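Residue-level structural notes
Residues per chain, in single letters:
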Amino acid sequence: MMRKASIGVLVLIFGTIILFVSSWRGRAAETGKVAIDADDIGGTVTGPHGPEAGVWVIAETKDLPTKFAKIVVTDDAGRYVLPDLPPAKYSVWVRGYGLVDSPKTEARPGRLLDLKAVAAPSDAAAAQYYPAIYWYAMLHIPPKSDFPGTGAKPSGNGMASKMQSQQQWLDMVKTDGCFTCHQLGDAATRNIEKQLGHFDSPAAAWEYRIQVGQAGDNMIGSINRLDTQRAFALFGDWSDRIAKGEIPFAKPQRPSGKERNLVITLWDWNTPKAYLHDENSTDRRNPTLNANGKIYGSPEESSDFIPVLDPVTNSRSQVKALVLDPNTPTSKDNDIPNPSPYWGREAIWDSKTTIHNPMFDSKGRVWLTTRVRAPDNEPAFCKQGSNHPSAKAFPLKSSGRQLAMYDPATGKFTPLDTCYATHHLQFDSQDRVWTSGGGPVVGWFDTRIWDATHDVQKAQGWTPLVVDTNGNGKRDAYTEPGEPQDPKKDMRINAGFYGVAPNPADGSIWGSSVGFPGAIVRLVPGPNPSETALAEVYQPPIDDPRATVHGYSPRGMDIDHNGVVWTVLASGHFASFDRRKCKGPLNGPNATGKQCPEGWTLYPFPGPQFRDVQDSGSAEASYYAWVDQFNTFGLGANTPIATGNASDSLFALVDGKFMTLRVPYPMGFYAKGMDGRIDDAGAGWKGRGLWTTYATRAVAHIEGGKGTTSKVLHIQLRPDPLAH
């Protein structure tokens, strides 16, 4: 980026640098011209009927160490500025709803470039650019009258008895099943690829395709939780109708208002055979840490090589993740039920560490949830008979994923064995790492103790989730899950954390528990968490008559500075839970999940709902949520943001209304990790932004596609559409 003088703006036109006084910008706006610097490309987009407002201008290059792209949106007059481009030759084109992609034009920074948009010749051609949700909403959903299932006909009603409600079905074809790992509704999933083979029916094609590649067993497990043959028939019918020419019944709107202030920068940073789950750029408690520094990703099942992006030099590198146990299993040994149309039976994944989530600490070190040994190779201090305080209270026999720490200053990667399993991680104000994924327990790792002693046993602890159902305010002997309540005892619950977030307001630890109807859980550690921690559980108001809007099945979650929890629901809602609004007792015999419906507020996500569903919500299946506690994005502190995984978008909730931040390049956007940092002094919009990751094809998370790779995004909001 060039340093801009306060008296004017440098503009490079036809190789000559001309200095304009600051009043030029005002005259340019009046005449419709665009002011640019030597590192910008700008101009006007027009179509058959004049200026094209709210369309995307995309600049892409392969001249840099990584493949690089930048995207902006046109203003009311069709004007755009692509700011701060590294020196390179770019292909520039226009994409927008109601259009087809314009021809690509070659350009270099410092040039004014007017572009011609190309109107779509038909509604069918225009629909190829719609976000996946508009196609996925065409899927038929069994009507409420088919539930609860009573089994096969003629003795039953034709629906599997394990399916008790339409809501349960929706949870499975969305958040906790089919959408768990990849977007549905884009071209890669709604169409049946010819290379899959020939099948007697579309249903048979779907039965075959979900068994393809190294994640086939995962997809088989998901479909088996539905009425399997009914699901194959519905997905087959969906693809068949699309193949015969049916298009979405709803149309997306172009970006408007502040959504047009978007600047998106993308870098390729992995290989075609790997995918990304998460990334991290800073300590979320102090988003100025690691300013302008490197970004670290988590390749999960695909690789043991952590991708690293340097956004200043536009270059990438890798860190090799290590294990403690050479017999740690690898994803390379995953069964491949059916060959991939891209890779055949080649085992393209090879990961022992299955890294899921990275987080920076206050010292600039990267902590990761990672496998360091075989699951059953549990240390003796974790088990029955150990003197470890947590093991004495609740011994453990195995764990599937543990912890590791990478220090960029020394280049050292340190695997750390934990008794409890891990998935996501977050730091509290005392530098303890709290983790999800522990199943019956919640674990923590005290980094202060580790730094002082390097004693992995002493630094860790864990606790079961015990609810104070006898109402005396302390943890006592408890009943086990499945046992009847005992008025003299507390109650242990199986509500393992998926999302995890320490509450900055009071030090409690919150987690989301996935499943149907799911829950969020509050854990108060107490002075000795292994023995004193107490939990509170709150179910979303799935059927509570006191609730104005019903929802179910949380997944990702985060928390704001006031202790308000934000989570995404399979019902198609962004939900907040404010414990301060609760009116009734929060412990005692009735505090088993359905207390405090008044604490919930549900906001239906943008986008269409399935036609067969009359309940509030949308077809959106958001994966994770993040609260911008420090205004790193510029929309205000405590702004909650959700991943619009079916919508090629991020959803920011501002004053009760959604701002849709769309990422239209390329098709198949599927976001998981999200993070924000201030890259410089934070004085202007260029120092702010969100980082997120996605894969270029819906199938990339499952098996990769030849020629595709994962990307990392930097998403910014500038003060106006032409700022640079």
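Every value quoted in this text rests on a predicted model; they were computed, and no experiment measured them. (Residues numbered from 1 in each chain as written. Predicted model: local features only at pLDDT ≥ 70, side-chain atom pairs only at ≥ 80, totals over all residues. Heavy atoms only, no water.)

Some details on the overall build of the chain
Along its length, the chain carries twelve helices and 44 strands. On C-alpha atoms alone, the chain measures out to a radius of gyration of 26 Å, which is about the 27 Å that the 2.2 N^0.38 rule sets for 724 residues. Based on the C-alpha atoms only, the size of the chain along its principal axes is roughly 80 × 70 × 55 Å. Scored against the burial criterion, the 724 residues of the chain give a buried share of 62%. Considering only contacts in the chain between residues 6 or more positions apart, those separated by 24 or more positions represent 62%. (Helix = DSSP H or I, 4+ residues; strand = E, 2+ residues; numbered from the N terminus. Rg over C-alpha atoms; globule rule 2.2 N^0.38 Å. Buried < 20%, exposed > 50% of the residue type's maximum accessible area, 1.4 Å probe, protein only. Contact = heavy atoms within 4.5 Å.)

A few points about the packing of helix H6 (residues 202-209) against helix H8 (residues 228-243)
Packing of H6 against H8 brings their axes to within 7 Å, and their N-to-C directions diverge by 110°. Of the possible angle classes, the one that applies to H6 and H8 is roughly perpendicular. Seen from above, H6 lies across H8 with right-handed handedness. Facing Pro-202, Ala-203, Trp-206, Glu-207 and Arg-209 of H6, the residues of H8 in contact are Gln-229, Phe-232, Ala-233, Phe-235, Gly-236, Trp-238, Ser-239 and Asp-240. (Axes fitted to C-alpha atoms, helices over the stretch in contact; angles between N-to-C directions. Parallel < 35°, antiparallel > 145°, perpendicular 65-115°, else oblique. Left-handed = near helix turned anticlockwise from the far one by under 90°.)

Examining empty space enclosed by the protein
Per the counting criterion, the structure on display carries six cavities of 30 Å³ or more. Lining the largest cavity are 22 residues, with Asn-357, Met-359, Gln-426, Tyr-624 and Met-674 positioned closest to its centre. Mapped by element, the contributors of at least two residues to the lining of the largest cavity are strand S15 (278-280), strand S19 (357-360), strand S23 (425-427), strand S34 (554-559), strand S38 (625-628) and strand S42 (674-676). With three residues, S15 is the single largest residue contributor to the lining of the largest cavity. Partitioning the lining of the largest cavity into residue classes produces nine nonpolar, seven polar and six charged. (1 Å grid on protein atoms, 1.4 Å probe; cavity = no way out; pocket = protein on both sides within 12 Å on 5 of 7 lines; lining within 4 Å. Points joined across faces, edges and corners; volume = space filled by probe spheres on them. Nonpolar A, V, L, I, M, F, W, Y, C, P; charged D, E, K, R; others polar.)

What to know about the pattern of salt bridges
Scanning all chains against the criterion turns up 35 salt bridges. Between Asp-283 and Arg-285 there is a salt bridge; the shortest N-O distance is 3.0 Å. The exposure class of Arg-285 is partly exposed, given its relative accessible area of 24%. The structure contains a network of salt bridges with shared partners spanning Asp-283, Arg-285, Asp-431 and Arg-448. (Salt bridge = Lys/Arg side-chain N within 4 Å of Asp/Glu carboxyl O.)

Quick word on the confidence of the model for the chain
Of all residues in the chain, 93% attain a pLDDT of 70 or more, and the chain-wide mean is 91. Predicted confidence for residues 1-31 stays below pLDDT 50, and this span has 48 contacts to residues more than four positions away or in other chains. Counting interchain partners and residues more than four positions distant, the pLDDT-below-50 stretch residues 696-705 has 47 contacts. (pLDDT = per-residue confidence, 0-100.)

Focus: the pairing of strand S24 (residues 432-435)
Going residue by residue along S24, you find Arg-432 and Trp-434 tucked away on one face and Val-433 and Thr-435 tucked away on the opposite face as well. Relative to S24, S23 runs antiparallel, the two being bridged by three bridges. Across the sheet, residue Leu-425 finds its bridge partner in S24, namely Thr-435. The antiparallel hairpin formed by S23 and S24 contains four residues in its connecting segment, where Asp-431 sits at a positive phi of about 65°. What sits between S24 and strand S25 (residues 441-446) in their antiparallel hairpin is a turn of five residues, with Gly-437 showing a positive phi close to 85°. (Pairing = 2+ DSSP bridges.)

Topic: the sheet that holds strand S41 (residues 657-662)
With respect to topology, four strands assemble into an open sheet ordered S38-S39-S40-S41, the strand pairing being antiparallel. The open sheet is flanked by S38 and S41, the only strands paired with a single partner. Across the sheet, the mean angle from the axis of one strand to that of its neighbour is 25°, orientation sign disregarded. Both S38 and strand S39 (residues 639-644) contribute to a ladder of four bridges, which runs antiparallel. Directly across from Ala-625, in S39, lies its bridge partner Ala-642.

Topic: the environment of Pro-395
Secondary-structure assignment places Pro-395 in the loop between helix H9 (389-393) and strand S21 (402-407). With 191 residues separating them along the chain, Pro-395 and Ala-204 place their C-alpha atoms 46 Å apart.

Considerations on unusual backbone geometry
Pro-148 follows Phe-147 through a cis peptide bond whose omega is -5°. Between Phe-516 and the following residue, Pro-517, the backbone shows a cis peptide bond with an omega angle of 0°. Secondary-structure assignment places Pro-517 in the loop between strand S31 (509-513) and strand S32 (519-524). Despite not being glycine, Asn-290 has its phi angle at roughly 65°, a positive value. With phi around 65°, Cys-596 is a residue other than glycine that occupies positive phi space. Mapped onto the secondary structure, Cys-596 falls in the loop between strand S36 (573-577) and strand S37 (600-604).

Digging into H8
With 16 residues, H8 extends 23 Å between its outermost C-alpha atoms, agreeing within 8% with the 22 Å of an ideal straight helix rising 1.5 Å per residue. Those residues of H8 that are buried lie in contact with helix H3 (132-136), helix H4 (166-173), helix H5 (187-190), H6 and helix H7 (216-223). Gly-245 occupies a position one or two residues after H8 and carries a positive phi of about 110°. (Expected span 1.5 Å × (residues − 1).)

A closer look at the state of the cysteines
Counted by the stated rule, this structure contains two disulfides. Through a disulfide, Cys-582 is tied to Cys-596; the S-S separation comes to 2.0 Å. Residues Cys-582 and Cys-596 are joined by a disulfide whose S-S torsion is about -95°; by sign, that bridge is left-handed. Placement of Cys-582 in the loop between S36 and S37 and of Cys-596 in the loop between S36 and S37 is noted, with a sequence separation of 14 residues between them. Cys-596 matches Cys-582 in its accessibility class, with the two residues each being buried. By sequence-ordered numbering of the bonded cysteines, the chain has its disulfides arranged as 1-2, 3-4. (Disulfide = S-S within 2.5 Å.)

Regarding the sheet that holds strand S26 (residues 460-464)
Note on sheets: strands pair through backbone hydrogen bonds, and any given pair is parallel or antiparallel. Reading across the sheet, the four strands line up as S23-S24-S25-S26 and stay open at both edges, with antiparallel pairing between neighbours. Of all strands in the sheet, those bounded by a partner on one side alone are S23 and S26. Each strand axis lies, on average, 25° off the axis of its neighbour in the sheet, ignoring direction.

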